[in-house]
Amino acid sequence: MANAPASSAAAPTGTGPSGIGHFRYSGARPADLGEAGAFDDLFWSHKGETVHKWHHYPAIYDRYFGPWRGKAPRFLEIGVSKGGSLEIWRRFFGDDAVIFGIDIDPKCAQFDGQAGQVRIGSQDDPAFLNGVLDEMGGVDLVLDDGSHDSVHIRKTLEVAYPRLTTGGVYMIEDLHAAYWPNFSGGYDAESSFFTDVKRMIDDIHHWYHDRGQEVAATRDYLTSLHVHDSIVVLEKDRVPTPRHTKKGARFA
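Here goes a summary of the coordinates provided. Remember, predicted model here, so these are calculated numbers, not experimental data.

Take empty space enclosed by the protein next. Counted under the stated rule, the structure contains two cavities of 30 Å³ or more. Quantified by volume, the second largest cavity comes out at close to 40 Å³. Along its surface, the second largest cavity is lined by Glu49, Gly83, Leu86, Glu87, Phe111, Gln114, Ala115 and Gly116. A class-by-class count of the residues in the lining of the second largest cavity yields three nonpolar, three polar and two charged.

Written out as structure tokens, the structure reads:
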């Protein structure tokens, strides 16, 4: 097993700028969240194993993963934690979906075969990750909710994104940790995964500068990149050569 934090869900929990404790909330669903979507409904009504989500995440899940509901996607969740999220994803995607979760914590093996298949190993171990993807028969959707360490996120992307089906979605969450040095990050730090995000934006626009494409994992197959609070979403498709055309009688 490659080096990784002791827990896939490890994160600072203090109340200062390097922690998340001061954002903690206990209570019913807040009214200011607006109309609930499918995942939001499932989350707030959940009574199974423990699941922990930021309130703005469900709407993002609905936006990018919602179109795959009922289509039997192959879904990989990196970071099983307490098992509750796999239960919600099963209800979200339906019985025919292929759902796998991976985690470095051996205790997560207890959830194997319930809402999905669980495999124990490190997300930054290429042999392990490729083995899981082989077992899945490929992957359409990836949710990286693992170590939150920028180094591990980067290594996982290098393996999993090239194997993502064309038209698939790759989502990385809890990227607030990319601002924290103990997660291989920091504000404006070269090691932060947000450095890769900036490079991917430049790669999308490689037609218009002379630096080429720097992120090998997404080369020629990243059509759009969406940045939300603590979440980045990559949409995979073959990138066409950009062209422009003038139309109308004045240009005849």
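Across the six residues that make up strand β2 (residues 98-103), a large majority, five, are buried. Relative to β2, strand β1 (residues 74-78) runs parallel, the two sharing five bridges. Residue pairing in the sheet places Leu76 in a bridge with Phe100 of β2. Crossover connection from β1 via helix α3 (residues 84-93) to parallel β2: handedness right-handed. One ladder, built from four bridges, connects β2 with strand β3 (residues 117-120); its direction is parallel. Directly across from Ile102, in β3, lies its bridge partner Arg119.

The tally for this structure, following the rule as stated, stands at twelve salt bridges. As a salt-bridge pair, Arg119 and Glu135 come within 2.6 Å of each other at their nearest N and O atoms. Taken together, the positions of Arg119 in strand β3 and Glu135 in helix α4 (residues 126-136) put the pair 16 residues apart, joining distant regions of the chain. Connected through salt bridges with shared partners, the residues Glu190, Arg199, Arg211 and Glu214 form a single ionic network.

Conventions used here
Residues numbered from 1 in each chain as written. Predicted model: local features only at pLDDT ≥ 70, side-chain atom pairs only at ≥ 80, totals over all residues. Heavy atoms only, no water. 1 Å grid on protein atoms, 1.4 Å probe; cavity = no way out; pocket = protein on both sides within 12 Å on 5 of 7 lines; lining within 4 Å. Points joined across faces, edges and corners; volume = space filled by probe spheres on them. Nonpolar A, V, L, I, M, F, W, Y, C, P; charged D, E, K, R; others polar. Buried < 20%, exposed > 50% of the residue type's maximum accessible area, 1.4 Å probe, protein only. Helix = DSSP H or I, 4+ residues; strand = E, 2+ residues; numbered from the N terminus. Pairing = 2+ DSSP bridges. Right-handed = clockwise from strand over helix to strand, strands pointing away. Salt bridge = Lys/Arg side-chain N within 4 Å of Asp/Glu carboxyl O.

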